[in-house]
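If you want the building blocks of each chain, they are given just below.
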Amino acid sequence: MTTAQLTLAVALSLVLLPLGLAKITARPVMRRAAAHLGMSPGVYRVVGALELAAAVGLLLGPVSAPLGLAAATGLSLLMAAAAGIHLRHGDPPARAVPAAVMGLAAVAYAGVTW
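Residues numbered from 1 in each chain as written. Predicted model: local features only at pLDDT ≥ 70, side-chain atom pairs only at ≥ 80, totals over all residues. Heavy atoms only, no water.

### Some thoughts on empty space enclosed by the protein
Leftover empty space is mapped by rolling, across the atoms, a probe with the size of a water molecule.
Phase 1 of the analysis: Evaluated as defined, the whole model comprises one cavity of 30 Å³ or more.
Phase 2 of the analysis: By volume, the largest cavity amounts to about 30 Å³.
Phase 3 of the analysis: If you go around the largest cavity, the residues you meet are K23, A26, M30, R31, A34, P41, Y44 and R45.
Phase 4 of the analysis: By residue class, the composition of the lining of the largest cavity is five nonpolar, no polar and three charged. (1 Å grid on protein atoms, 1.4 Å probe; cavity = no way out; pocket = protein on both sides within 12 Å on 5 of 7 lines; lining within 4 Å. Points joined across faces, edges and corners; volume = space filled by probe spheres on them. Nonpolar A, V, L, I, M, F, W, Y, C, P; charged D, E, K, R; others polar.)

### A look at unusual backbone geometry
Keep in mind that most residues, glycine aside, have a negative phi and that most peptide bonds are trans.
Phase 1 of the analysis: In this structure, A26 takes a positive phi of about 55° despite not being glycine.
Phase 2 of the analysis: In this fold, A26 is placed in the loop between α1 (3-24) and α2 (28-36).
Phase 3 of the analysis: The exposure class of A26 is buried, given its relative accessible area of 9%. (Helix = DSSP H or I, 4+ residues; strand = E, 2+ residues; numbered from the N terminus. Buried < 20%, exposed > 50% of the residue type's maximum accessible area, 1.4 Å probe, protein only.)

### Remarks on the packing of aromatic side chains
Phase 1 of the analysis: With the rule as written, the count across this model stands at zero aromatic pairs.
Phase 2 of the analysis: Across the ring face of Y44, the terminal group of K23 is positioned such that the distance to the ring centre comes to 5.4 Å. (Phe/Tyr/Trp six-rings, centres within 6.5 Å; stacked < 30°, edge-to-face > 60°. Lys NZ or Arg CZ within 6 Å of the ring centre and 35° of its normal.)

### A closer look at α1
Phase 1 of the analysis: With 22 residues, α1 extends 31 Å between its outermost C-alpha atoms, agreeing within 8% with the 32 Å of an ideal straight helix rising 1.5 Å per residue.
Phase 2 of the analysis: Along α1, the residues classified as buried are Q5, A9, L12, S13, L16, G20, A22 and K23.
Phase 3 of the analysis: Here the buried face of α1 lies against α2, α3 (41-59), α4 (65-88) and α5 (93-113).
Phase 4 of the analysis: Immediately beyond the C-terminal end of α1, within one or two residues, lies A26, with a positive phi of roughly 55°. (Expected span 1.5 Å × (residues − 1). Contact = heavy atoms within 4.5 Å.)

### So, the nonpolar core
Phase 1 of the analysis: With 21 residues, the main nonpolar core has L12, L16, L58, L75 and M79 as its most contacted residues.
Phase 2 of the analysis: For this core, the secondary-structure elements that each account for two or more residues are α1, α3, α4 and α5.
Phase 3 of the analysis: When residues no more than four places from it in sequence are discounted, the contact partners of M79 are E51, A99, M102 and G103.
Phase 4 of the analysis: With seven residues, the next largest nonpolar core counts A34, L37, M39 and I85 among its residues. (Core = buried A, V, L, I, M, F, W, Y, C linked by side-chain atoms within 4.5 Å.)

Rendered as structure tokens:
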């Protein structure tokens with residue numbers, strides 16, 4: 001594992017783990033975010049589970065490169081969808097930037113892993 005892989009995996013996981021857990025446990029702020037985006041709490045829980053799975057996959061990337069690549073690919077697709085959903089619901093572009101940055105970081109992880 002390279003330093004770049006480790007840095008990206010840890011940085012992404014430090015963001016994904018608390019957000020994913022907050023979505024799964026339906027914290028009030030996450031329920032409001034789901035409602036704003038027109039999603040049910042159940043769908044938002046699925047998004048949270050996908051975020052947690054991506055974090056675990058990225059952290060296990062050193063043990064299994066295919067798992068790390070799959071996690072990075074899935075995360076990049078999830079974040080692209082998140083950015084698109086924010087824009088589609090009329091949020092200002094700045095609200096889509098965190099998802100876009102996370103998606104690009106996932107692509108970078110895949111790039112240094114490949």
